[in-house]
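Overview (structure and organization)
These are the residues of each chain, in order.
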Amino acid sequence: MAFGKIPRFSPSFSLAEAAIAARYLARRGEDTPVVRKFEAEFADYIGVKHAVMVPSARYGFFLILKGWGLGEGDEVIMPALTYFAIPALAKTAGVKPVFADIGLHTHVLDPAAFEAAITPRTKAVVPTHLFGTPCDMDAIRKIAKKHKIKVIEDCAQSTGARYKGSQMGSFGDASYYTFGLTKNITTLSGAMITTDDDALAANLRGKMAAAQPGGLKKSAQEAVTGTAMMVATHPFVYPWTLHPLIRLGNLLGKDPIHERFGEAERLYPELPEHYAKSAPRAVQAAVGRKQLERIETLNGARSANGRFLDDSLGNLSDLGVPTYPEGAEPIYMSFVVHHSNRAKLAKELRKRGVDTTIGYMSNCADSALFPEEASSCPNADRAFEELLHIPVHPNLTSSDREHLAEAVRQACMACRP
Ligand SMILES: Cc1ncc(COP(=O)(O)O)c(C=O)c1O
């Protein structure tokens, strides 16, 4: 254990991937063959016909909408608790995002709320497998089929999670994934779309072939940041470096990690120009191939930690712990708990060496960004006010887990009036 200090996250990036990144950054060769290999291996892993690498999940989502010819007058239903960029890019495409409520403790799209939000203009639904928790895909697909609605799975936080034995991303008409540094696998920024739709895949490939290759500077920066995070969250380094920095930041009312990895919420009236200059590079694909070899081990360690927290924290009356739709096999990308005073809980946890975050999700149904699309989603409201992330990353040791569970128990007691 890191001397009783537990970071909120620890990158999956390792020395093996850092060495690959260095080799490919120095290499002068074609990008396409390496990108194609990663795509083929990824498609095989998910169990779909096509995988197409794209610069980001949000741009991938935009390309899917456009690839199917969606635009003005069309609606796409998505959960209210989601990443702002997805409804923002729907609007860029001219499509209206319609927000439906989540299950209070599953945190994913409630099938009944999805069905209630359907109108004659609904063209697609986005089941977002938030925090690594698969949605109830049987129910969602049944409703979508009945109303002839396309399904776009948001797997940005669930690469490798399964539902009734099949990979998330294999249920939708198209799906997107993202591989930033804080995700369960990384390609030093970059994303993927999977689909069985031949025409859509050909369209996406055409778009990527026409785009300029992304700059290597960004990949180099991400490799340096990934290596720095790997070192800074190491058990022997973290207590003396990052931990005091975070504590100092907290005293000044700031969150240095949130500031480094978060982004300002905004709309995109125009598609950002750099999207067309960001075709994936060999270095990203090469790192992705190595990460894909390790994904089951990484997710396995994460899930073991998550299950331990499920068992250890389930009986604390002040906490709302996650529940999972029947048949879901989550990967515990995040372990989130509800608490009526999460600021106090976070403070008490920090006193006990546990770093936490409120995360990056918004209640988009009640957001200044989407006033025209506002709707009543009480569960998303509550989640937005109450959720706190408890560390669950794969680098936790068994003594970390024990310490964590005890720290949460004590912090809850300290929060009682
Ligand atoms: C649930 C969800 N969807 C979409 C995205 C957008 O991914 P990207 O940053 O690759 O556009 C994220 C980013 O973290 C996310 O968490």
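Below is a short write-up of the structure.

Scoring rules and cut-offs
- Residues numbered from 1 in each chain as written.
- Predicted model: local features only at pLDDT ≥ 70, side-chain atom pairs only at ≥ 80, totals over all residues.
- Helix = DSSP H or I, 4+ residues; strand = E, 2+ residues; numbered from the N terminus.
- Rg over C-alpha atoms; globule rule 2.2 N^0.38 Å.
- Contact = placed C-beta atoms within 7 Å.
- Pairing = 2+ DSSP bridges.
- Axes fitted to C-alpha atoms, helices over the stretch in contact; angles between N-to-C directions.
- Left-handed = near helix turned anticlockwise from the far one by under 90°.
- Nonpolar A, V, L, I, M, F, W, Y, C, P; charged D, E, K, R; others polar.

**Observations concerning the overall build of the protein chain**
What the protein chain contains, in helices and strands, is 14 helices and 14 strands. The C-alpha radius of gyration computed for the protein chain amounts to 21 Å, which stays within 12% of the reference 22 Å derived for 417 residues, consistent with globular compactness. With the C-alpha coordinates of the protein chain rotated into their principal frame, the extents come out at 55 × 55 × 40 Å. In the protein chain, 75% of the contacts between residues at least 6 apart in sequence involve partners at least 24 apart.

**Examining the sheet that holds strand β7 (residues 162–163)**
The strand order across the open sheet formed by three strands is β8-β7-β11, and the pairing between neighbours is antiparallel. Lying at the two open borders of the sheet, with one neighbouring strand each, are β8 (166–167) and β11 (328–329). One ladder, built from two bridges, connects β7 with β11; its direction is antiparallel. Of the residues in β11, the one forming a bridge with R162 is E329.

**Focus on the packing of helix α2 (residues 32–46) against helix α11 (residues 282–313)**
The packing of two helices is summarised by the inter-axis angle and the distance between the axes. At a minimum axis distance of 8 Å, the contact between α2 and α11 shows a crossing angle of 30°. Crossing of α2 against α11: the hand is left-handed. Contacts between α2 and α11 involve V34, V35, K37, F38, E41, F42 and Y45 from the first element and A282, A285, A286, G288, R289 and L292 from the second. Looking at the contact of α2 with α11 residue by residue, the classes come out as nine nonpolar, one polar and three charged.

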